[in-house]
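Report on the structure
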Amino acid sequence: SDTELIFSTTLTGTQTTISTGTLLTGYRNLVIKGQARSDDNAVARSVLVAFNGDTTDANYEYVRDFSTQSKTDFQSNVEKRIIGVATAATAAANTFGVFTLTIYSHESTNNLKSYNSVSGFVHTTSLQTNRVTGKRLSTDPITSVAFSLTNGDFVAGTSVAVYGLK
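Overview of the structure. (Residues numbered from 1 in each chain as written. Predicted model: local features only at pLDDT ≥ 70, side-chain atom pairs only at ≥ 80, totals over all residues. Heavy atoms only, no water.)

**Things to note about the overall build of the chain**
The helix and strand inventory of the chain stands at 0 helices and 12 strands. For the chain, the succession of helices and strands along the chain, N to C, is β-β-β-β-β-β-β-β-β-β-β-β. The C-alpha radius of gyration of the chain comes to 15 Å, within 12% of the 15 Å expected for a compact globule of 166 residues. The dimensions of the chain, computed from C-alpha atoms along their principal axes, are 45 × 35 × 30 Å. Relative to its full complement of 166 residues, the chain shows a buried share of 45%. About 7,600 Å² of surface is accessible on the chain, with carbon and sulfur atoms providing 48% of the total. (Helix = DSSP H or I, 4+ residues; strand = E, 2+ residues; numbered from the N terminus. Rg over C-alpha atoms; globule rule 2.2 N^0.38 Å. Buried < 20%, exposed > 50% of the residue type's maximum accessible area, 1.4 Å probe, protein only. Areas by Shrake-Rupley, 256 points an atom, 1.4 Å probe, with all protein chains shown as cover.)

Set out below in structure tokens:
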């Protein structure tokens, strides 16, 4: 097969960050699928990414197109590391935000690291869908990926799976 699962985790308790550790090499692109929920007292929180442990916002750029049941909006470089949305403590029980993040040519040393993601959630009084295109301002290969939230911790049931595309 041209797609291989190279990392997977499902949380059994709360955790501030989910990290892949050092990823296997030999892939053209990475596709990361996740479902996430925060313990913060809100309906939803943003899911942030850090490549190679880099949490410096100035090293990332993005554009975001998002829609809710009442509006469609556009955002650029506000939460620079955003890739998705997680439901949070006041969302309906057992609901999770979902995301798919694709990172292109992550092993190359000839290009800035481009990525795009699609994410969203449905809750009884709120729904949201997001599309993000971004880049990390570095030509260094991406060797690890970590996820965190704008507020709160990830809760049990949150999961991340990383697939390498040959």
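**A word on the sheet that holds strand β2 (residues 18-19)**
With respect to topology, 4 strands assemble into an open sheet ordered β2-β11-β4-β7, the strand pairing being antiparallel. On the outer flanks of this sheet lie β2 and β7 (82-87), each paired with one strand and no other. Looking at chain direction, strand β4 (residues 44-51) and strand β11 (residues 145-149) are connected through 5 bridges and run antiparallel. Looking at the pairing, V49 lines up with F147 of β11. (Pairing = 2+ DSSP bridges.)

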